[in-house]
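In case you want the letters, here they are:
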Amino acid sequence: MVFSSVSFLVFFLPCLLVLYFMVPRRYRGARNFILLAFSLAFYACGGPKFLLLMLLSIVINYCCGLLAGPKHRPAVRKAGVTLAAVLGLGLLGWFKYAGFFGEMLHALMPFIPVPQVTLPIGISFFTFQGLSYVIDVFRDDAAVQRNPLKLALYISFFPQLVAGPIVRYTTVAGEIDERHESVSEFSAGSVRFLFGLAKKMLLANAVAQIADAAFSAVSPSVALAWLGAVAYTFQIYFDFSAYSDMAIGLGRMFGFHFLENFNYPYVSRSVTEFWRRWHISLSTWFRDYVYIPLGGNRCSRARNILNLFLVWALTGLWHGANWTFIAWGLWFFVLLIGEKFLWGKALSRLPSLLQHVYAMLLVILSWVLFRADDIGAALCYMAAMFGRAPALCDSRAVLYNASGGERAAYDFTGQTLRDISVDASGNTALLLASGQLCQAVMLGRDLGVENTTQVQASNRIVRSGAQFYLLTDNGVECLSTDGTSQWTQSLSARPQGLLADRRQLLVFCGNTVQVLTPPAAENNAQSNT
């Protein structure tokens, strides 16, 4: 269930409001229990089987919070916060990253199976919230919450459960017990919620269609590639900030005041400023619970760089189990290190407009990396933005039927399709996929791989009748529809193109044309004679 869904707007929220405000304000415990019950029901709507995981996380953080309290000896307190980190991050690591790391192990040792794990919604957010509570108790920044229902409400409160912001316990601890609901607060929260809803439905969804069309294009032009990148830049801001607006608005309707999560990030004049304005709750979480405990900037330059590297690698990994997210985090690590130690002072002397262009250009490129399915696709799309794209910019082959519907598909994960040709019947395709290894791949009528041949990245494919001709660096190779090599012909110059019929081939080599007679045509000619 999402905030923009009919089920939430028509059924869930109205029922909650009616039941909540029917209870007199003096019965704060009853109102909290209603919020907790509806929050757990909200989470169960997105995946009932994971409700037990949510409850387990609550129990872990409640018990570890008790152990980390000031009444215990330092060793017990340290054990409590350590146990919370190990168990909480262990659950997060298994459900979110087991498949990712399993695939890497499987690639090295094929006998190890890849675990098939379903990702629970919101696990990254409620894990970080619960862990921050235990750490704050250990640091004496927050009091121990001895009422498990109150702690459960903090961790599972539905407005910020699925898409943030990450709310610190110290921000809402007082309001769990004492908060003031009023008509003015409810009105202000409703306006903020509607503003976020409109931002999501009218802006984010609209520019998402442009971004999806551009990123799904097989060979986007420079203009389309830039249009798609800019569209996605606005989409991710409108989408993410809209959910933060709706969460803040919903919280205020019930008397809670969450901190702002976005502060006009696209007005930034540096990448450093951008991260002071973008996803503030996440960046401050990593600052307070990872960067500063590692030593922050109160250490040598080399250690400071290492601290920043770890923080941004983890920040990227937090967003998803894909190398693109890790690369995205390290992209910002490099830029922030550069601004801090290399070109930051020079940047500050530039005109404000140039500073803004600099920041937005780097942010737009970062979102291309964030949006792409894999790093190869990201580099391919960036190449298209600067007019350097290969023939095809995708890793997925799709076979369509006559009516335009998708009949079959095959995904070359981690590779980029460079050239494609389909035989006369439309049932068999030969593709040149370039990745770490460049291969000519023969696909059957249902796009299952039938045969592969390692070739040069500069090769091209041309079809004629039931044959496919592979243009190599120094000649022509004929492949049949089952992928087997029929014959090869060396040439004195690199072939640029080819025209073929049943009897002869016209091969274009620079300014010359060479005529070749396939062996099959020679045999036919001799038999006819």
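In this text the structure is predicted, and so the values were computed from the model without any measurement.

Asker: Explain the overall build of the protein chain here, please?
Answerer: Looking only at helices and strands, one finds 17 helices and 13 strands in the protein chain. In the protein chain, of all internal contacts separated by at least 6 residues, the share reaching a separation of at least 24 is 57%. Just so you have it, the protein chain exposes about 25400 Å², and 62% of that area is on carbon and sulfur atoms.

Asker: Hey, could you run me through the nonpolar core in this one?
Answerer: Here is a general trend for soluble globular proteins: nonpolar side chains tend to be buried in one another's company. Judged by nonpolar contacts, the single largest core of 120 residues is most densely connected at Phe158, Trp278 and Trp367. In terms of residue count, the dominant contributor to this core is helix α9 (residues 222–253) (13 residues). Counting 11 residues, the second largest nonpolar core, distinct from the first, contains Cys478, Leu505, Val507 and Leu516.

Asker: Could you clarify how one ought to interpret the packing of aromatic side chains in this entry?
Answerer: Note on aromatic pairs: each is described by the distance of the centres and the angle between the planes. Scanning the model with the defined rule gives 58 aromatic pairs in all. Taking the centre distance of 6.1 Å and the plane angle of 90° together, the rings of phenylalanine 50 and phenylalanine 95 count as edge-to-face. Taken together, the residues phenylalanine 50 in the loop between α2 (28–46) and α3 (51–67) and phenylalanine 95 in helix α4 (residues 74–108) connect sequence positions 45 residues apart. Each ring, one from phenylalanine 157 and one from phenylalanine 256, has its centre 4.9 Å from the other, and the planes form 50°; the classification is tilted. Taken together, the positions of phenylalanine 157 in the loop between α6 (148–156) and α7 (169–177) and phenylalanine 256 in the loop between α9 and α10 (271–277) put the pair 99 residues apart, joining distant regions of the chain. Judged by its relative accessible area of 3%, phenylalanine 157 falls in the buried class. Owing to a relative accessible area of 2%, phenylalanine 256 belongs among the buried residues under this scheme.

Asker: Sorry if this is basic, but what is going on with α6 here?
Answerer: Given 3.6 residues to a turn, an α-helix orients residues that are three or four positions apart in the same direction. Buried within α6 are the following residues: Leu151, Ala152, Leu153, Tyr154, Ile155 and Ser156. For α6, the side-chain oxygen to backbone nitrogen distance between the N-cap and leucine 149 is 2.9 Å, and the N-cap itself is asparagine 147.

Asker: Got a minute to help me understand the side chain of threonine 233 in this structure?
Answerer: Locating threonine 233 in the fold gives a position in helix α9. The exposure class assigned to threonine 233 is buried, which follows from its relative accessible area of 1%. The residues touching threonine 233, leaving out its near neighbours within four places in the chain, are Tyr266, Met360, Ile364 and Trp367.

Definitions and cut-offs
- Residues numbered from 1 in each chain as written.
- Predicted model: local features only at pLDDT ≥ 70, side-chain atom pairs only at ≥ 80, totals over all residues.
- Heavy atoms only, no water.
- Helix = DSSP H or I, 4+ residues; strand = E, 2+ residues; numbered from the N terminus.
- Contact = heavy atoms within 4.5 Å.
- Areas by Shrake-Rupley, 256 points an atom, 1.4 Å probe, with all protein chains shown as cover.
- Core = buried A, V, L, I, M, F, W, Y, C linked by side-chain atoms within 4.5 Å.
- Buried < 20%, exposed > 50% of the residue type's maximum accessible area, 1.4 Å probe, protein only.
- Phe/Tyr/Trp six-rings, centres within 6.5 Å; stacked < 30°, edge-to-face > 60°.
- Polar contact = N/O pair within 3.5 Å; in protein donor to acceptor, adjacent residues only side chain to side chain.

In short, shape yes, function no, at least from these values alone.
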